Amino acid sequence: MSRPLLRGVSGMRISGNGHDPWDSEMKERNEKEDLEKDHSTDQSYLALSSGTPRSRQNFTMLFLKFSLIAIVFLALTGSFWWTISISTSSRGHIYHGYRRLQEQLVSDLWDIGEISLGSTRSKDLEFCSEDFENYVPCFNESQNLALGYSNGDEVDRHCGQELKQHCLVLPPVKYRIPLRWPTGRDVIWVSNVKITAQEVLSSGSLTKRMMMLEEEQISFRSASLMFDGVEDYSHQIAEMIGLRNESNFILAGVRTILDIGCGYGSFGAHLFSKELLTMCIANYEASGSQVQLTLERGLPAMIGSFASKQLPYPSLSFDMLHCARCGIDWDQKDGILLLEVDRVLKPGGYFVWTSPLTNPQAFLRNKENQKRWNFVRDFVENLCWELVSQQDETVVWKKTSKASCYSSRKPGSGPSICSKGNDVESPYYRPLQPCIGGTRNRRWIPIEERRNWPSRANLNKNELAVYGVHPEEFAEDTENWKTTVGNFWSLLSPLIFSDHPKRPGDEDPSPPYNMVRNVLDMNAHFGGFNSALLEKGKSVWVMNVVPTIGTNHLPMILDRGFVGVLHDWCEAFPTYPRTYDLVHAEGLLSLESGHRHRCSTLDIFTEIDRILRPEGWVIIRDTARLIESARALTTRLKWDARVIEIESNSDERLLICQKPFFKRQAS
């Protein structure tokens, strides 16, 4: 305490004994200390003055950090409560429990991230030019010719040579929604297909001549005189087989028929009423397409050709193959096309061929035709086919039921048996094989020994063992689909996209049974979806597609009496635009996500849009994560879409979509 006092008085003038030695000494000492203290104080002041900007900077950074934390906290809290507030809004999601809120929160933040990355990622797809109205990728004859394909290969399927078109195909200017089944089977709108009035009037085959042009419609009326010709023709084939009429085909083991070059599907349309399922295949045609008109009528069809590649069906697939003036020269290419017929025909199945070449009366006038006929007759005899009957221009053969027939042939007579390496049960557009396939297959069961339709759709324990499927697994799959189909059908209503306070179907009547006709199942598994639809009495047919990257259950599906095909969904499906009313996919997104770098989900969805009719439906079932990603894509495709929770404890969701009817403006 002395030092401050001394400092305090040292600066004062002190009166009294100023010459005291002690006082002088203390004064000098105090002055010296004061000088040192002042110097030290000056240095401290300078140090403090120079450190002030750094302290302010540290304080500013600390303030910004706290502010950022506060903003993030407020944003997350706000998004959390906002998620709760919109649970009944137009987004249409109903989430229960904390986990649902977490999923929604992640989705919202992901959407924000998507927006922050720029608008190009979420840009809606543009509409394609008018040239794409009837465009089918992989079938470009002019391009194939330029690439050197010839000898029939130019009309075959060649994928991977075209750039993927991410655009939406618009229907023709005067397109109209097809009439509901069964009316749509007999009457179609002219503007919906690419065919001119002249092509209708000049059509030459029996089924083509059945068409009658009536103003804006093409009529296939069953009351017409030409229909009697198809009915008589079907009756004739049945009698040639030894049956009373075509209604007895099923009793002979016939359920599925492959109609090659089917005209416009009238043969299959007539047999459909007899519970026979006829798959039409024909070459791609730029106009007047047989496949396009057949599908427009609500009948099974796909683009396929007997040229250079095997069809995408397993060996032993169909009960009957039919060719009525189909334009195929069976005697060409050393009979290799007949070997493909033999491969896909079941043991004991029938091959029906109607052609001027088979008319015995024509042989007297044309020796060349007789030579061609003799080649076909001798060739199929070496395939162990039996000539059942021949009347006028129609001939019926029956494939052998006994695989031992091939070993009993004379040495060197006829084609050899395929080796195991060449005998692939389910080829995917492999080159045609010059050998007899399917003879070693466990599915070599004659059609007369199989149970008749519809019993054959419900496989028993012994039949399932052929496909390596456990009975409990099959039974569980069947029961699940019975329940699921009933729920699906109630969702096919525009109410599903409104903020309706109840689930569609709870009080409103269910959609009519004939609301949809052509159904495509993109990942068919056992064919349970198809089976359940038929059991529910829905007037549909289903194209059961088995992806090439998945487990191949197509042989089982076909043996059940359904139709289907192998397909790679990274390629275009062999059909024309606007051909399916409903596209269904369960687990396809999960399957494709396990095979990365093949193609994008947008590629697959753009293809779905191409083959889906306006106002058509899409039902996708998959994991919540994949469904949310798919939902984001539907906005780019301009689809109406809604996500449905299946069960509260399930990680799976349903994505229900409807394609709007966009009209092209007349130019």
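Just so you know, these numbers come straight off a predicted model, no measurement behind them.

**Considerations on the overall build of the protein chain**
So, step 1. A tally of regular secondary structure across the protein chain gives 20 helices and 17 strands.
So, step 2. Across the 667 residues in the protein chain, those meeting the buried criterion constitute 50%.
So, step 3. By sequence separation, contacts in the protein chain at least 24 residues apart represent 70% of the contacts at least 6 residues apart.
So, step 4. Accessible surface computed for the protein chain: about 32800 Å², of which carbon and sulfur atoms make up 53%.

**Describing the environment of S273**
So, step 1. Relative to the helices and strands, S273 is located in the loop between α9 (266-272) and β5 (277-282).
So, step 2. A sequence separation of 26 residues divides S273 from S247, and the C-alpha atoms of the two residues are 8.9 Å apart.
So, step 3. A polar contact of 2.7 Å, which involves the side chain of S273, links it to the backbone oxygen of H270.

**A word on the state of the cysteines**
So, step 1. Per the stated rule, a full pass over the model turns up seven disulfides.
So, step 2. Here C384 engages in a disulfide with C405; their sulfurs sit 2.1 Å apart. One disulfide, between C384 and C405, carries an S-S torsion of -95° and so falls in the left-handed class. Linking C384 in the loop between α13 (367-381) and β9 (385-391) with C405 in the loop between β10 (394-399) and α14 (461-467), this pair joins segments that are 21 residues apart in sequence.
So, step 3. Assessed through its relative accessible area of 22%, C405 is described here as partly exposed.

**Re the pairing of strand β11 (residues 518-521)**
Each regular strand carries side chains that alternate between the two faces of the sheet.
So, step 1. Both faces of β11 are covered, namely the face carrying N518 and L520 and the face carrying V519 and D521.
So, step 2. Where β11 and strand β12 (residues 541-547) come together, four bridges link them in parallel fashion. Among the inter-strand pairings, D521 is bridged to a residue of β12, identified as N544.
So, step 3. Note that the unit made of β11, helix α16 (residues 528-535) and β12 has a crossover that is right-handed.
So, step 4. Where β11 and strand β14 (residues 580-586) come together, three bridges link them in parallel fashion. Each bridged residue has a counterpart across the sheet, and for V519 the counterpart in β14 is L582.

**Some thoughts on the sheet that holds strand β16 (residues 640-645)**
So, step 1. Read across the open sheet, the seven strands follow the order β13-β12-β11-β14-β15-β17-β16; overall the sheet is mixed. Among the strands making up the open sheet, the edge pair consists of β13 (563-567) and β16. Sheet twist, expressed as the mean angle between neighbouring strand axes with direction ignored, is 20°.
So, step 2. Bridge analysis of strand β15 (residues 612-623) against strand β17 (residues 652-658) gives seven bridges, and the strand direction is antiparallel.

**What about the side chain of N514?**
So, step 1. Structurally, the position occupied by N514 is in the loop between α15 (471-491) and β11.
So, step 2. A polar atom in the side chain of N514 sits 2.8 Å from the backbone oxygen of W181.
So, step 3. Not counting residues up to four positions away in its chain, the partners in contact with N514 are R180, W181 and S539.

**Brief notes about the sheet that holds strand β6 (residues 301-303)**
So, step 1. With mixed pairing, the seven strands of this open sheet are ordered in space as β6-β5-β4-β7-β8-β10-β9. Each of the sheet's edge strands pairs with one partner strand only, and the pair in question is β6 and β9. On average, each strand axis in the sheet is inclined to that of its neighbour by 20°, with strand direction left out of account.
So, step 2. When strand β4 (residues 256-260) meets strand β7 (residues 318-324), the two strands line up parallel, connected through four bridges. Bridge pairing in β7 links I260 to C323.

**A closer look at the confidence of the model for the protein chain**
So, step 1. The share of residues in the protein chain with pLDDT of 70 or more is 77%, and the mean pLDDT across the chain is 82.
So, step 2. Confidence drops under pLDDT 50 across residues 1-29; counting only partners more than four residues distant or on other chains, this segment forms 10 contacts.
So, step 3. Contacts of residues 222-227 to residues separated by more than four positions or lying in other chains number eight contacts, the stretch itself having pLDDT below 50.

**Section: unusual backbone geometry**
So, step 1. For the bond running from W181 to P182, omega is 5°, close enough to zero to count as cis.
So, step 2. Relative to the helices and strands, P182 resides in the loop between α4 (141-146) and α5 (183-186).
So, step 3. Cis geometry is found at the peptide bond from W453 to P454, where omega equals 5°.
So, step 4. Relative to the helices and strands, P454 resides in the loop between β10 and α14.
So, step 5. In this model, C138 sits at a positive phi of 80°, which is unusual for a non-glycine residue.
So, step 6. With respect to the secondary-structure elements, C138 resides in the loop between α3 (97-116) and α4.
So, step 7. Since its relative accessible area comes to 5%, C138 is described here as buried.
So, step 8. A positive phi is found at C384, a non-glycine position, where the angle reads about 70°.
So, step 9. Judged by its relative accessible area of 8%, C384 is buried.

**Observations regarding the packing of aromatic side chains**
So, step 1. For the coordinates displayed, the defined rule picks out 26 aromatic pairs.
So, step 2. Between F139 and Y284 the ring centres are 5.9 Å apart and the planes differ by 25°, which places this aromatic pair in the stacked class. In this pair, F139 sits in the loop between α3 and α4 while Y284 sits in the loop between β5 and α10 (290-296), placing the two residues 145 residues apart along the sequence.
So, step 3. On the basis of relative accessible area, F139 is assigned to the buried category, the value being 7%.
So, step 4. Residue Y284 is classed as partly exposed on the basis of its relative accessible area, which comes to 24%.
So, step 5. Both rings, one in F351 and one in W397, keep their centres 6.1 Å apart while their planes meet at 15°; by these two values the pair is stacked. Of the two residues, F351 sits in strand β8 (residues 345-354) while W397 sits in strand β10, which places them 46 residues apart along the sequence. There is no split in this pair, since F351 and W397 are both buried.
So, step 6. Aromatic rings pair up to connect F306, W330, F351, W353, W373, W385 and W397 into one cluster.
So, step 7. The ring centre of W453 lies 3.6 Å from the NZ or CZ of R255, which sits over that ring.
So, step 8. The side chain of R517 reaches across the aromatic face of W181, ending 3.5 Å from its centre.

Each value, and the rule that gives it
Residues numbered from 1 in each chain as written. Predicted model: local features only at pLDDT ≥ 70, side-chain atom pairs only at ≥ 80, totals over all residues. Heavy atoms only, no water. Helix = DSSP H or I, 4+ residues; strand = E, 2+ residues; numbered from the N terminus. Buried < 20%, exposed > 50% of the residue type's maximum accessible area, 1.4 Å probe, protein only. Contact = heavy atoms within 4.5 Å. Areas by Shrake-Rupley, 256 points an atom, 1.4 Å probe, with all protein chains shown as cover. Polar contact = N/O pair within 3.5 Å; in protein donor to acceptor, adjacent residues only side chain to side chain. Disulfide = S-S within 2.5 Å. Pairing = 2+ DSSP bridges. Right-handed = clockwise from strand over helix to strand, strands pointing away. Axes fitted to C-alpha atoms, helices over the stretch in contact; angles between N-to-C directions. pLDDT = per-residue confidence, 0-100. Phe/Tyr/Trp six-rings, centres within 6.5 Å; stacked < 30°, edge-to-face > 60°. Lys NZ or Arg CZ within 6 Å of the ring centre and 35° of its normal.

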